[in-house]
Number of protein chains: 2
Amino acid sequence: MNIILLSGGSGRRLWPLSNDIRSKQFIKIFKKEDGTYESMLQRVYRQIRKADTDARIIIATSKTQISAINNQLGDNVGISAEPCRRDTFPAILLATAYLADVMKADPEEPVVVCPVDPYVEDGYFEALKELSCQSAKGGANLVLMGIEPSYPSEKYGYIIPEINAQTEDTGVSYVKTFKEKPDTRTASSYIAQGALWNGGVFAYKLKYVLDKACKLVGYKSYQDLYSRYNTLEKISFDYAVVEKEEKIQVMKFAGSWKDIGTWNTLSESMGENIIGKGIMDDTCSGVNIVNEMDVPVLAMGLKDVIISASPEGILVSDKEQSSYIKPYVDGIVQQVMFAEKSWGSFKVLDVEDGSMTIKVTLNKGHSMNYHNHKYRDEVWVVISGTGRTIVDGMEQNVKTGDVIAMSAGCKHTVIAETELKLVEVQIGTGISVQDKQKFELGWC
Amino acid sequence: MNIILLSGGSGRRLWPLSNDIRSKQFIKIFKKEDGTYESMLQRVYRQIRKADTDARIIIATSKTQISAINNQLGDNVGISAEPCRRDTFPAILLATAYLADVMKADPEEPVVVCPVDPYVEDGYFEALKELSCQSAKGGANLVLMGIEPSYPSEKYGYIIPEINAQTEDTGVSYVKTFKEKPDTRTASSYIAQGALWNGGVFAYKLKYVLDKACKLVGYKSYQDLYSRYNTLEKISFDYAVVEKEEKIQVMKFAGSWKDIGTWNTLSESMGENIIGKGIMDDTCSGVNIVNEMDVPVLAMGLKDVIISASPEGILVSDKEQSSYIKPYVDGIVQQVMFAEKSWGSFKVLDVEDGSMTIKVTLNKGHSMNYHNHKYRDEVWVVISGTGRTIVDGMEQNVKTGDVIAMSAGCKHTVIAETELKLVEVQIGTGISVQDKQKFELGWC
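If you're wondering where the values come from, they're calculated on a predicted model, not measured in any experiment. (Residues numbered from 1 in each chain as written. Chains lettered and ligands numbered in written order. Predicted model: local features only at pLDDT ≥ 70, side-chain atom pairs only at ≥ 80, totals over all residues. Heavy atoms only, no water.)

The next thing to look at is the overall build of chain A. For chain A, the helix and strand inventory stands at 11 helices and 30 strands. Counting only C-alpha atoms and orienting by the principal axes, one finds that chain A spans roughly 75 × 60 × 40 Å. Within chain A, the proportion of its 444 residues that are buried is 54%. Of the roughly 19100 Å² of accessible surface on chain A, a fraction of 48% belongs to carbon and sulfur atoms. (Helix = DSSP H or I, 4+ residues; strand = E, 2+ residues; numbered from the N terminus. Buried < 20%, exposed > 50% of the residue type's maximum accessible area, 1.4 Å probe, protein only. Areas by Shrake-Rupley, 256 points an atom, 1.4 Å probe, with all protein chains shown as cover.)

So this is what it looks like as structure tokens:
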């Protein structure tokens, strides 16, 4: 199976666990059998591999997410990164071209497109394989997955199938029409007609989308497309392709499916009430604590409340009310306080006028870019591990307790031999993530 | 007026704002006219000075609180510090001896004893002056302040006065008897008899307690008492003195008086709903946020809830339920994460196995003790200000950006010329506050 996972969004709805760098799919919140936690991305990736060991997986994403994806899935994962943001048609086209051109998939092969963040059981991925097979049969140019509605939701679009004899046997029928998010009463009438939720999951043969791309944007090759990506029109796949297509089938999926986009739905999927350091008294009910800080949360006498703490801030919300979080979070303007990078992670420990202190964790064998800053000095104190630093070309071995002082302008990097943690004190006026220039290290 | 302020308790009931070092009276939570915040200690001290510019104020406390008191009130405040903890009779006696022996107060002068943490209006301190005058008259050996009850509380002891003609005119009467915390119904019957709350405020002539002390513990002088303080019996003032005394008067105080011992009562006295960085949506009611962290708290859809965050942890509690906090906080075992010292303050930024990172703020003109550590190296990075460091006797000027590395065993201190902030990275195994040896600096 070929599968394109769409990994988008900044996901501020799950603040403070998500921020401008960490979208919701990267939050490690689902307990695995070994007691550690995995993110939605890791869970879905693992589930696909379990359903199909040989699956060709491409993650379609923006440049800003590459570090986090590599951090969570390793360096060998297939990523189709948009050089800039351009809605779903260009993004899906770029990933499709990557599959055909870079990964050399046959244009006759089908591909499944799926968001990266459904919270589903393993059966869902078996259904994706069936979707892929159905597409391969060639009875339609697009085959959608239609999710059997569990209630007349106003949140989803609906797929109205042609009712015909085939449906009962195979769960596959042609699509009569699409309906956008209705009110509850209209949704009920759709469901009575056999309508299904549109979860944004569909399959097509590679050549179908590449042919479309030839006509619509003069597609030649992945490289060509990539190089002029910023000139492409911002247009959704629905608008560019689905709405104009007449031969569409839908395959019913009747298993459990959850779209985890709010704290309320997320808390329903948490296997336990407390993640991280937390204490609840006996009078709490329906309370979830997700605490990424090193100090404890104590909850007393609360009902149906979400408490979440991270280096970004602290949320305390009634569960129902939590779906209205967005405008409040949009009003919070502060720098990113933590992030996972391809080489490890960082966390802001302290911010003052004229200084910032952060903790940097480099994974074993990884290094930062060789870089400098124009407007700030930096001091590193190695608090654990061993490695090598390169400062203005001078290489030196470092270990726990070593101190490296770098003036503004001085080029520097650190290479971790073991996992290596350091406290970095930045000193200067106008400290900013923009104040960074990268350099090549010839031999590195 | 002579006044002894009793400053005790570790006050974990107001966790996370209070910890083993910062008792509740040191939390800066009351907004002043200039927009800054003051603590209960600072508020009471200011109120006494306003009522009586020349008041001789002695703070009776334990050694552990001296730093915080000096930090908040300056170095010139009168402190009678117990060398070890010995209940209220020895503590009040020591402070009384300090007044008589060290501050040379006349034994005929009266002294008022008062807890350091009542939340009261200025009129209360006028009443303390009257209490002092009443004591000076000599009609009784002890004059208590009786607070007019606002409701039949089960939380307080009650003073039952002799009803006599004098009472109406002066508010003063002799005490018939004391009653310990009653149930509500009994409290109501007491109040019907004219009973008053016992707020632990009373006055006596110095010589009265010094005479008692001669008889009970062979009192000779303050120095003598101090040197054998650890041999004194642990006994309360009530038990040692009040219960055995027959000539006691009570003076009624009818003004507003609050005992701020729990989050619930504290929130009633907060002039505003949000202290620190906090956001509430429109559906919150009766919510108080007290946030001492640098990142925001967002509260949504809550009713009658206290949210408080500090480097110690995060409390989210229904207001009523918050009075049951103690056992939960007692169960939280962690090092002290922030403290005010006589020379400034510190805050723990990060704790790892084998390292700890803290931010140290030295007030202008202050310095740490000259000290060393056996089991840890330390690195200082000056993040703002100027000063001098002394490291193994070597003195050097330091400024923003300077780095000082100190190996285990190496003696060190820093003297702040301006306010001086530094990030201190401690590295070693078994980092502990106990690992500290102080040294004299001959010339310092």
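There is more to say, and it comes next.
Pro16(A) follows Trp15(A) through a cis peptide bond whose omega is 5°. Looking at where Pro16(A) falls in the secondary structure, it is placed in the loop between strand 1 (2-6) and strand 2 (30-31). Within the chain, Asp304(B) stands out as a residue other than glycine whose phi angle is a positive 55°. In the Ramachandran plot, Asp392(B) falls in the positive-phi region, its phi being about 50° despite a non-glycine side chain.

With 53 residues of chain B in contact, the opposing surface of chain A contributes 53 residues. Roughly 4100 Å² of surface becomes buried between chain B and chain A when both sides are summed, with 70% attributable to carbon and sulfur atoms. Among the residues chain B hides against chain A, the three largest losses belong to Leu298(B), Met300(B) and Ile314(B). Together they make up 17% of the total. Linking chain B with chain A are 6 salt bridges. Here Glu352(B) makes a salt bridge to Lys359(A), at a shortest N to O gap of 2.5 Å. At the surface where chain B touches chain A, the tally comes to 18 residue pairs in polar contact (both at pLDDT 80 or more). (Contact = heavy atoms within 4.5 Å. Buried area = accessible area lost by both parts, 1.4 Å probe. Salt bridge = Lys/Arg side-chain N within 4 Å of Asp/Glu carboxyl O. Polar contact = N/O pair within 3.5 Å; in protein donor to acceptor, adjacent residues only side chain to side chain.)

Below, the discussion takes up the nonpolar core. Core analysis: the largest hydrophobic core is formed by 69 residues, its most contacted members being Leu302(A), Ile307(A), Leu302(B) and Ile307(B). Discounting residues that sit within four places of it in the chain, Leu302(A) has contacts with Thr283(A), Cys284(A), Ser285(A), Val287(A), Ile307(A), Val305(B), Val316(B), Ser317(B) and Asp318(B). Of all hydrophobic cores here, the second largest spans 43 residues; its members include Phe26(B), Ala51(B), Val116(B) and Ile147(B). (Core = buried A, V, L, I, M, F, W, Y, C linked by side-chain atoms within 4.5 Å.)

Right, let's talk about the packing of helix 1 (residues 40-51) of chain B against helix 2 (residues 66-73) of chain B for a bit. Residues and elements named next belong to chain B. Two elements in contact, helix 1 and helix 2, have axes whose closest approach is 10 Å; the angle formed by their N-to-C orientations is 55°. As the angle between them shows, helix 1 and helix 2 are arranged oblique. For the crossing formed where helix 1 meets helix 2, the hand is right-handed. Each of Leu41, Gln42 and Tyr45 in helix 1 lies in contact with helix 2, whose residues at this interface are Ile69, Gln72 and Leu73. Looking at the contact of helix 1 with helix 2, its residues break down into 4 nonpolar, 2 polar and no charged. (Axes fitted to C-alpha atoms, helices over the stretch in contact; angles between N-to-C directions. Parallel < 35°, antiparallel > 145°, perpendicular 65-115°, else oblique. Left-handed = near helix turned anticlockwise from the far one by under 90°. Nonpolar A, V, L, I, M, F, W, Y, C, P; charged D, E, K, R; others polar.)

Taken as a whole and assessed by the stated rule, the structure comprises 44 salt bridges over all chains. Among the ionic pairs, Asp122(A) bridges to Lys50(A), the shortest N-O distance being 2.6 Å. Note that Asp122(A) is positioned in the loop between strand 7 (118-120) and helix 4 (123-137) and Lys50(A) in helix 1 (residues 40-51), a separation of 72 residues in sequence. Overall, the relative accessible area of 32% leaves Asp122(A) in the partly exposed class. Residue classification places Lys50(A) among the exposed positions, given a relative accessible area of 58%. Salt bridges sharing partners connect three or more residues here, namely Asp350(A), Glu352(A), Lys359(B) and Lys421(B).

Moving on, we get to the confidence of the model for chain A. Taken residue by residue, chain A gives an average pLDDT of 92. The fraction at 70 or more is 98%. This complex was scored by the predictor with a pTM of 0.87 and an ipTM of 0.87. (pLDDT = per-residue confidence, 0-100.)

Quick look at the relation of the copies chain B and chain A now. If you rotate chain B by 180° and push it 0.1 Å along the axis, it lands on chain A with an RMSD of 0.1 Å. The operation mapping one copy onto its partner corresponds to a two-fold rotation axis. Closest to the rotation axis within chain B is the C-alpha of Leu349(B), separated from it by 2.8 Å. Mapped onto chain A, 100% of the interface residues of chain B are again interface residues, and the two copies thus contact each other with one and the same surface. (Least-squares fit on C-alpha atoms with pLDDT ≥ 70 in both.)

Hydrogen bonds along the backbone pair up the strands of a sheet, which may run parallel or antiparallel. All names here are of chain B. On the basis of which strands lie adjacent, the open sheet formed by 6 strands has the order 20-21-22-29-24-27 and antiparallel pairing. Unpaired on one side and paired on the other, strand 20 (338-341) and strand 27 (403-406) mark the two borders of the sheet. Direction aside, neighbouring strands of the sheet carry axes that sit 20° apart on average. (Pairing = 2+ DSSP bridges.)

Let us look at the packing of aromatic side chains. According to the stated counting rule, one finds 28 aromatic pairs over all chains in the structure shown. Here the aromatic rings of Tyr124(B) and Phe125(B) are separated by 5.1 Å at their centres, their planes lie at 80°, and the arrangement is edge-to-face. On the basis of relative accessible area, Tyr124(B) is assigned to the buried category, the value being 1%. Judged by its relative accessible area of 0%, Phe125(B) is buried. Taken together, Phe89(A), Phe202(A), Tyr204(A) and Phe237(A) form an aromatic cluster joined through their ring pairs. Above the face of the Phe439(A) ring, Lys411(A) is positioned so that its terminal group lies 4.5 Å from the ring centre. (Phe/Tyr/Trp six-rings, centres within 6.5 Å; stacked < 30°, edge-to-face > 60°. Lys NZ or Arg CZ within 6 Å of the ring centre and 35° of its normal.)

This part covers the environment of Tyr324(A). Its location among the elements puts Tyr324(A) in the loop between strand 19 (313-318) and helix 11 (326-330). For the pair Tyr324(A) and Thr262(A), spaced 62 residues apart in the sequence, the C-alpha separation amounts to 9.0 Å.

Now for the sheet that holds strand 24 (residues 377-384) of chain A. All names here are of chain A. Strand order in the open sheet formed by 6 strands is 20-21-22-29-24-27, with antiparallel pairing between adjacent strands. Every other strand in the sheet has two partners, leaving strand 20 (338-341) and strand 27 (403-406) as the edge strands with one partner each. When strand polarity is set aside, the average angle formed by the axes of neighbouring strands in this sheet is 20°. Two strands pair when backbone bridges link them, and strand 21 (residues 344-352) and strand 22 (residues 355-362) are joined in this way by 8 bridges, in the antiparallel orientation. Paired with Ser345 across the bridge in strand 22 is Thr361. Running over the sheet, helix 2 (residues 66-73) touches strand 20 and strand 21 and is turned about 70° from strand 20.

Scanning the entire structure with this criterion turns up 0 disulfides over all chains. Cysteine Cys133(A) remains unbridged, with the sulfur of Cys114(A) as its closest cysteine sulfur at 16 Å. (Disulfide = S-S within 2.5 Å.)

Residues and elements named next belong to chain A. By the criterion of burial, strand 18 (residues 305-310) is predominantly enclosed, with 6 of the 6 residues buried. The alternating pattern of strand 18 places Val305, Ile307 and Ala309 on one face and Ile306, Ser308 and Ser310 on the opposite face, and all of these are buried. Direction of pairing for strand 16 (residues 288-291) relative to strand 18: parallel, over a ladder of 4 bridges. Opposite Ile289, over in strand 18, you have Ile307 as the bridge partner. Bridging between strand 18 and strand 19 involves 6 bridges; their strand directions are antiparallel.

With that out of the way, let us pick up the environment of Thr231(A). Structurally, the position occupied by Thr231(A) is in the loop between helix 8 (222-227) and helix 9 (237-240). Distance in space between the C-alpha atoms of Thr231(A) and Lys50(A) is 39 Å, their sequence separation being 181 residues.

All right, on to the pairing of strand 21 of chain A then. Residue and element names in this part refer to chain A. As defined by bridge partners, strand 20 adjoins strand 21 across 4 bridges and the pair is classed as antiparallel. From the neighbouring strand, Lys341 faces strand 21, where its bridge partner is Gly344. Hairpin geometry of strand 20 and strand 21 is characterised by an intervening segment of 2 residues between the two adjacent antiparallel strands. Counted along the chain from strand 21 to the antiparallel partner strand 22, the turn is 2 residues long, and its residue Gly354 has a positive phi close to 90°.

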